[in-house]
Amino acid sequence: MPKYLIERSIPGAGDLTAEQLQGISQKSCGVLNQLGPKIQWVQSFVTNDKIYCVYIAPNADLVREHARQGGFPADSVAQVVTVIDPTTAE
């Protein structure tokens, strides 16, 4: 199944408290449960003003629907074509 990288602009994201991040995570998981097993949240990376999320889903439209239902921005939804890491150099 395709993997997607989502960029979410959230001013002050890096200043969110553990409790706020927990609430966002709980909201996201609730929407995922409603959408069914075809979409999966893998992980997210929080920076100062953005959150980058990795999802597995059959298509980008389902990722956008998750964002719409959850009230999360999805400024960019890009399908991951391949993954490289230091072992790629070997």
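Above: the structure in question.
Owing to the predicted nature of the structure, the values given are computational and were not obtained by experimental measurement.

Q: Looking at this structure, how should I read the layout of surface pockets?
A: If a probe as big as a water molecule is rolled over the atoms, it shows which places are left empty. In this structure, the largest pocket spans a volume of roughly 250 Å³. Mapped by element, the contributors of at least two residues to the lining of the largest pocket are α1 (18–35), β2 (40–46) and β3 (50–56). Sorting elements by how many residues they give to the lining of the largest pocket places α1 first, with 4 residues. Taken together, the residues of the lining of the largest pocket sort by class into 10 nonpolar, 5 polar and 1 charged.

Q: For this particular structure, what's the right way to read the side chain of Arg8?
A: Considering the arrangement of structural elements, one finds Arg8 in strand β1 (residues 3–9). Among buried Asp, Glu, Lys and Arg side chains, Arg8 stands out as unpaired, with Asp75 the closest opposite charge at 8.0 Å. A polar side-chain atom of Arg8 sits 2.8 Å from the main-chain carbonyl oxygen of Pro73. What Arg8 contacts, discounting residues up to four positions off in sequence, is Asp49, Lys50, Ile51, Cys53, Tyr55, His66, Ala67, Phe72, Pro73, Ala74 and Asp75.

Q: Would you mind showing me how to read the pattern of salt bridges here?
A: One pass over the full model with this rule turns up 3 salt bridges. A salt bridge links Glu7 to Lys50; the nearest nitrogen and oxygen atoms lie 2.7 Å apart. Taken as a pair, Glu7 in strand β1 and Lys50 in strand β3 lie far apart in primary sequence, 43 residues in all. Look at Lys50 and you get partly exposed, because its relative accessible area is 26%. Taking the shortest distance from any N to any O, the salt bridge between Glu65 and Arg68 comes out at 2.6 Å.

Q: Looking at this structure, I do not really get the environment of Ala89. What am I missing?
A: Looking at the element boundaries, Ala89 is found in the segment after β4 (76–79). For the pair formed by Ala89 and Ile39, sequence separation is 50 residues and the distance between their alpha carbons is 32 Å.

Q: I'm lost on the nonpolar core in this one. Help?
A: Membership of the largest hydrophobic core comes to 13 residues, with the highest contact counts inside it found for Tyr4, Ile6, Ile39, Tyr55, Val63 and Val77. Elements with a minimum of two residues in this core: β1, β3 and α2 (60–70).

Q: What exactly am I supposed to notice about the sheet that holds β3 here?
A: Pairing between the strands of a sheet is mediated by backbone hydrogen bonds and can be parallel or antiparallel. The 4 strands are arranged β2-β3-β1-β4 in an open sheet whose pairing can be described as antiparallel. Two strands bound the open sheet, and with one partner strand each, they are β2 and β4. Going from strand to strand, the sheet's axes swing by 20 degrees on average, the running direction of each strand aside. As defined by bridge partners, β2 adjoins β3 across 6 bridges and the pair is classed as antiparallel. Considered in β3, the bridge of Phe45 is made with Tyr52. In this fold α1 packs onto β2 and β3, with an angle of close to 155 degrees to the strand it touches most, β2. Each of β1, β3 and β4 touches α2; the most contacted strand, β1, lies at about 35 degrees to it.

About the criteria used
Residues numbered from 1 in each chain as written. Predicted model: local features only at pLDDT ≥ 70, side-chain atom pairs only at ≥ 80, totals over all residues. Heavy atoms only, no water. 1 Å grid on protein atoms, 1.4 Å probe; cavity = no way out; pocket = protein on both sides within 12 Å on 5 of 7 lines; lining within 4 Å. Points joined across faces, edges and corners; volume = space filled by probe spheres on them. Helix = DSSP H or I, 4+ residues; strand = E, 2+ residues; numbered from the N terminus. Nonpolar A, V, L, I, M, F, W, Y, C, P; charged D, E, K, R; others polar. Buried < 20%, exposed > 50% of the residue type's maximum accessible area, 1.4 Å probe, protein only. Lys, Arg positive; Asp, Glu negative; His and termini not counted. Salt bridge = Lys/Arg side-chain N within 4 Å of Asp/Glu carboxyl O. Polar contact = N/O pair within 3.5 Å; in protein donor to acceptor, adjacent residues only side chain to side chain. Contact = heavy atoms within 4.5 Å. Core = buried A, V, L, I, M, F, W, Y, C linked by side-chain atoms within 4.5 Å. Pairing = 2+ DSSP bridges. Axes fitted to C-alpha atoms, helices over the stretch in contact; angles between N-to-C directions.

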